[in-house]
Amino acid sequence: MEPGLALHKAILATLKDGLSVPVYDAVPQGTSFPYVTVDTSITANADALVERIDERFIFLHVWSQVRGQEEVLSIIGEIDGLMHNNKLELDDGYVVSIQVDRKMTRRDADNVTFQGQVTLRVLTHH
């Protein structure tokens, strides 16, 4: 059994319910700023002898066109508070731990949009 899809759905639902901005897996054309996207996911085997445990890194992106980094940092703070050690419920497998591993901000290439990135480190058991 693969808990990756269940984890993806749980993260989306938690973010949509808990953040003050829209959250997307696929951003609709013409969407206004700010918003958060669930982007890349990386999974590595982290088995502990007889148990099947995966280490997952989920990359969330924050998008804003407010000048400066204040809005991006505020949304990153919301994500951090919401996700840090959250015990997400999964239909398939379960979350051993979830933590905010890394936070980053940067100006986008268009010199108008600011982007934030939050990396979640999640251990799942199945």
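Here, every reference points to the structure presented above.
My aim in this report is to walk through the structure given alongside it, one point at a time.

### Remarks on the side chain of T124
Moving on, step 1. As for its position among the elements, T124 is in strand β5 (residues 114-125).
Moving on, step 2. According to the relative accessible area criterion, T124 is buried, its value standing at 0%.
Moving on, step 3. Of the polar contacts made by the side chain of T124, one reaches the side chain of R56; its length is 2.9 Å.
Moving on, step 4. Excluding anything up to four places from it in sequence, T124 contacts P3, L7, R52, I53, D54, R56, L90, Y94 and V96.

### What to know about the sheet that holds β5
Moving on, step 1. If you trace the five strands from one edge of the open sheet to the other, you get β1-β2-β3-β5-β4, paired in mixed fashion. Edge positions in the sheet fall to β1 (23-24) and β4 (94-107), since each of these pairs with one other strand and no more.
Moving on, step 2. By the bridge criterion, nine bridges tie strand β2 (residues 35-45) to strand β3 (residues 53-64) in an arrangement that is antiparallel. In the strand pairing of β3, T43 is matched with R56.

### Let's talk about the packing of helix α1 (residues 4-18) against helix α2 (residues 70-83)
Moving on, step 1. Running from N to C, α1 and α2 cross one another at 120°; their axes reach a closest spacing of 10 Å. In terms of axis orientation, α1 runs oblique to α2. Between α1 and α2 lies a crossing whose hand is right-handed. Touching I11, T14, L15 and G18 of α1 are E78, I79, L82 and M83, all from α2.
Moving on, step 2. When grouped by side-chain class, the residues that make up the contact of α1 with α2 number five nonpolar, two polar and one charged.

The rules we used
Residue indices follow the written sequence of each chain, beginning from 1 at its first position. Totals for whole chains, interfaces and linings use all residues, but because this is a predicted model, local features are given only for residues with pLDDT of at least 70 and pairs of side-chain atoms are given and counted only at 80 or more. Remark: hydrogens and water are excluded; side-chain values derive from all non-hydrogen atoms of the structure. Going along the chain from the N terminus, every DSSP run of H or I of four or more residues is numbered as a helix, and every run of E of two or more is numbered as a strand. In this scheme, a residue with accessible area under 20% of its type's maximum is buried, one over 50% is exposed, and one in between is partly exposed, where area comes from a 1.4 Å probe on protein chains only. Any pair of nitrogen or oxygen atoms within 3.5 Å is treated as a polar contact; in protein, a donor-acceptor pairing is required on top of that, and neighbouring residues in sequence qualify only through side-chain atoms on both sides. Any pair of residues with heavy atoms lying within 4.5 Å of one another is described as a contacting pair. For two strands to be treated as a pair, DSSP must find no fewer than two bridges joining them. Helix axes use the C-alpha atoms of the stretch in contact, all axes being lines fitted to C-alpha atoms, and the angles between their N-to-C directions lie in the range 0 to 180 degrees. Just so you know how the angles are binned, under 35 degrees is roughly parallel, over 145 roughly antiparallel, 65 to 115 roughly perpendicular, and the rest oblique. It is the rotation of the near helix from the far one that decides the hand of a crossing: anticlockwise by less than a right angle makes it left-handed, clockwise makes it right-handed. Polar here means any residue outside two lists: the nonpolar Ala, Val, Leu, Ile, Met, Phe, Trp, Tyr, Cys and Pro, and the charged Asp, Glu, Lys and Arg; Gly therefore counts as polar.

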